[in-house]
Amino acid sequence: MDRARPPHLVVVEDDPALRDMVCSYLAQQHFDVTGLDSAEALLQRMQRTRPDLVILDVGLPRMSGLDACVKLRAEGDRVPIILLTARCEEIDRVLGLEMGADDYLSKPFSARELLARARAVMRRTAFTPIAAPDSDEAVRIGDFVFVMAERCLRRGEEVRVLSTIECALLTELASHPGTTLSRERLLAASHAPGDDISLRAVDAAMVRLRRTIEPDPAMPRYLQTVRGHGYVFVPRSTHALA
Ligand code: CA
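Residues numbered from 1 in each chain as written. Predicted model: local features only at pLDDT ≥ 70, side-chain atom pairs only at ≥ 80, totals over all residues. Heavy atoms only, no water.

A. Representation of the coordination of the calcium ion within the structure. Coordination of the calcium ion by the protein is provided by Glu13 (OE), Asp14 (OD), Asp57 (OD) and Gly59 (O), with metal-donor distances spanning 2.1 to 3.1 Å. We note that the donor set of the calcium ion lies within a single chain, spaced as E-D-x42-D-x1-G. Within this pair, whereas Glu13 is found in the loop between strand 1 (8-12) and helix 1 (16-28), its partner Asp57 is found in strand 3 (residues 53-57), the two being separated by 44 residues in sequence. The same class applies to Glu13 as to Asp57, namely buried. (Donors = N, O, S within 2.8 Å, 3.2 Å for Na, K, Ca; no water. Helix = DSSP H or I, 4+ residues; strand = E, 2+ residues; numbered from the N terminus. Buried < 20%, exposed > 50% of the residue type's maximum accessible area, 1.4 Å probe, protein only.)

Written as structure tokens, this is what we have:
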């Protein structure tokens, strides 16, 4: 994020009273805020602006917030998204995270809580190594150090250069330690829109990464599978999650 300008937040909510409340509160907190009333307006907007965060209501007329989220991710757009869900939309909430939303907030919520979530998501997602190849971020993974900028794993003198998909997967996982990421999300993070690669490619790349990183690839400690969901990066060796 460019520190010279305030973060740009887009709030998509069809209830004008709630939208105005959220927008004016966030503006008071010195964010640059745009309010929109539909998913269509968001998708159109996204073609010309790069907000730092989208706060997206699920219950919108015509196209739902969830469908908009799926569409953006399918197009390879990784803009941070917080979904706003009503209590009765529990299934949407789970689906939303599966479809690549970064967080969710159930209505009714306090403005202060929304602010805390917004800041947390922006902190977590501020580092986008694919768009910032000059980054010097390095993450320890077992015996290895993953040097994102060099797209490689280092262990002492040993250097293992990663393929594009391996590097993208590891970057996405290492940027969200302890967070389960769906295979769909990892796929979206690891290919350009229009590339013809499948979820199998994600699994195959994970197998290759584990062969390098894991002391026992059959019992992964760092790159764990979460059954029925996807994968999670566990920075320190722990027992398997599933
Ligand atoms: Ca609504």
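B. Focus on the sheet that holds strand 8 (residues 152-155). Ordered in space as 6-7-8-9, the 4 strands form an open sheet in which the pairing is antiparallel. The open sheet terminates on both sides in strands that have one partner only, identified here as strand 6 (138-141) and strand 9 (158-161). Direction aside, the axes of adjacent strands within the sheet are offset by 25 degrees on average. For strand 8 and strand 9, the ladder comprises 4 bridges, and the chain directions are antiparallel. Bridge pairing in strand 9 places Leu153 opposite Arg160. (Pairing = 2+ DSSP bridges. Axes fitted to C-alpha atoms, helices over the stretch in contact; angles between N-to-C directions.)

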